[in-house]
Amino acid sequence: MGSAAGTGGRDGLSAAAKALYAGITRGEPPGPADGAALRELLAWRLVAVDPDRPEAPIALDPQEAGRRRLDEGLRELAARAAGMAAVPGVADELALHFERAKWRSGSGSEFLAEPEQVGARIEEAVGRAEAELLTAQPLGPHGADAMEAAHARDARALARGVSVRILCRDGERDDPATRDRVTRLTARGAQFRTLAASFQSCVVVDRRQAFIPDHVVNSSPTYAAWHVMDRALVAFIAEGFEDAWRRADIWHGDPRGAAPGGKAGLTHRQREILIDTAAGIDQRITARRLSIGLRTLTKELGVLRARWGAPTLAALSYQWALSAERRRMTDEAAGSAPCGSGHAEAG
């Protein structure tokens, strides 16, 4: 008979229970200390007890008992697997209610009274931006340090793949420092526009949180702000930004009036190159159509980019779309059309 000590075994039956079963098959009755082992054998259905002779358990077929035990375990595993498979669906269903509860939260805004607090909170929010950053700054950054800090913050967001759009007042086109910042960020993929009309200042991050000036607290300093986290209000602020953005003019950092004017400023070949570039036509196709080499085409594009101060081909296309000559060509084409004319804004 095996050792009665221990309760282990990867098969789930203790050594004491195995030893007791072996003894029962030999006709040995269980002893006073075999109670726990006997309960194991009964649970496994390896023995049966005759009510008339409880002191002499009867050994049952271990193969049949093992099959029953295995079937029960498989059914239990199947039930647990089905329950686990339902977990993601239940979590998704409940998450919708949780998100809606957050959207309805009444504590969705916080007043920020100190400039250091405002700056730190915006820096933190923009640093965690994942998809989109919208900034409307009618007054622009205050001072060289603030401008450089804003530039570094936006550049880091662009490096992470965040879409950055910044709306400035029209007068910023006359400021050399702002033009330099716009040129550098445009080269990294940021989009800038200027608006002559008034608009509200805001910073919107991923359309989940926003920062707006204070219009609630009486006599608050000009740098005071509200950190808004209510989803409905953030969406309203973002739509206000979009409305101003649609009315604004595209800007790539060029000074006011830098775009060249009449037809005398461009050759026929340059106009054809600009038309194809704006249409996204492959440069090799353009070069073949104009019967020039690709190197000559590249040189012409360099001249045009320098002429407009455009850091990229996309910026050059924008400048061409806004130029007086492009508008004149559009007007001439519309004059020969059967009726009306349309207007499409680039970008």
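Up top is the structure these notes are about.
The rules behind each value
- Residues numbered from 1 in each chain as written.
- Predicted model: local features only at pLDDT ≥ 70, side-chain atom pairs only at ≥ 80, totals over all residues.
- Heavy atoms only, no water.
- Pairing = 2+ DSSP bridges.
- Helix = DSSP H or I, 4+ residues; strand = E, 2+ residues; numbered from the N terminus.
- Axes fitted to C-alpha atoms, helices over the stretch in contact; angles between N-to-C directions.
- Contact = heavy atoms within 4.5 Å.
- Phe/Tyr/Trp six-rings, centres within 6.5 Å; stacked < 30°, edge-to-face > 60°.
- Buried < 20%, exposed > 50% of the residue type's maximum accessible area, 1.4 Å probe, protein only.
- Lys NZ or Arg CZ within 6 Å of the ring centre and 35° of its normal.
- Patch = residues over 30% accessible without salt bridge, like charges linked within 9 Å, V, L, I, M, F, W, Y side chains within 5 Å.
- Areas by Shrake-Rupley, 256 points an atom, 1.4 Å probe, with all protein chains shown as cover.
- Salt bridge = Lys/Arg side-chain N within 4 Å of Asp/Glu carboxyl O.

**Considering the sheet that holds strand β7 (residues 202–205)**
Turning to step 1, where the next piece is worked out: Taken in spatial order, the eight strands line up as β3-β9-β8-β7-β4-β5-β6-β10 in an open sheet, and their pairing is mixed. Of all the strands in the sheet, just β3 (109–112) and β10 (249–251) have a single pairing partner and so form its edges. Across this sheet, the average inter-strand angle for adjacent strands is 20°, counted without regard to direction.
Turning to step 2, where the next piece is worked out: The pairing of strand β4 (residues 132–137) with β7 spans four bridges and is antiparallel. The partner of A136 across the bridge, within β7, is C202.
Turning to step 3, where the next piece is worked out: In this fold helix α7 (residues 176–188) packs onto β4, β5 (163–169), β6 (191–195) and β10, with an angle of close to 85° to the strand it touches most, β10.

**Here we look at the packing of aromatic side chains**
Turning to step 1, where the next piece is worked out: Applying the stated criterion across every chain yields a total of two aromatic pairs.
Turning to step 2, where the next piece is worked out: Between F111 and W226, the aromatic rings sit 5.4 Å apart at their centres with planes inclined by 55°, giving tilted as the arrangement. One end of the pair, F111, is in strand β3; the other, W226, is in strand β9 (residues 225–228), and 115 residues separate them in sequence.
Turning to step 3, where the next piece is worked out: Overall, W226 belongs to the buried group, its relative accessible area being 19%.
Turning to step 4, where the next piece is worked out: Between F241 and W245 the ring centres are 5.7 Å apart and the planes differ by 20°, which places this aromatic pair in the stacked class. With F241 and W245 both in helix α8 (residues 231–247) and four residues apart, the pair spans about one turn of that helix. Summarising the burial analysis for this pair, F241 and W245 share the class buried.
Turning to step 5, where the next piece is worked out: Over the ring of W245 we find R165; its NZ or CZ atom is 5.2 Å from the centre of that ring.

**Comments concerning a nonpolar patch on the surface**
Turning to step 1, where the next piece is worked out: Residues L70, L74 and L77 make up a contiguous nonpolar surface patch of roughly 310 Å² in combined accessible area.
Turning to step 2, where the next piece is worked out: Inspection of the secondary structure assignment puts L74 in helix α3 (residues 62–85).
Turning to step 3, where the next piece is worked out: Residue classification places L74 among the partly exposed positions, given a relative accessible area of 47%.

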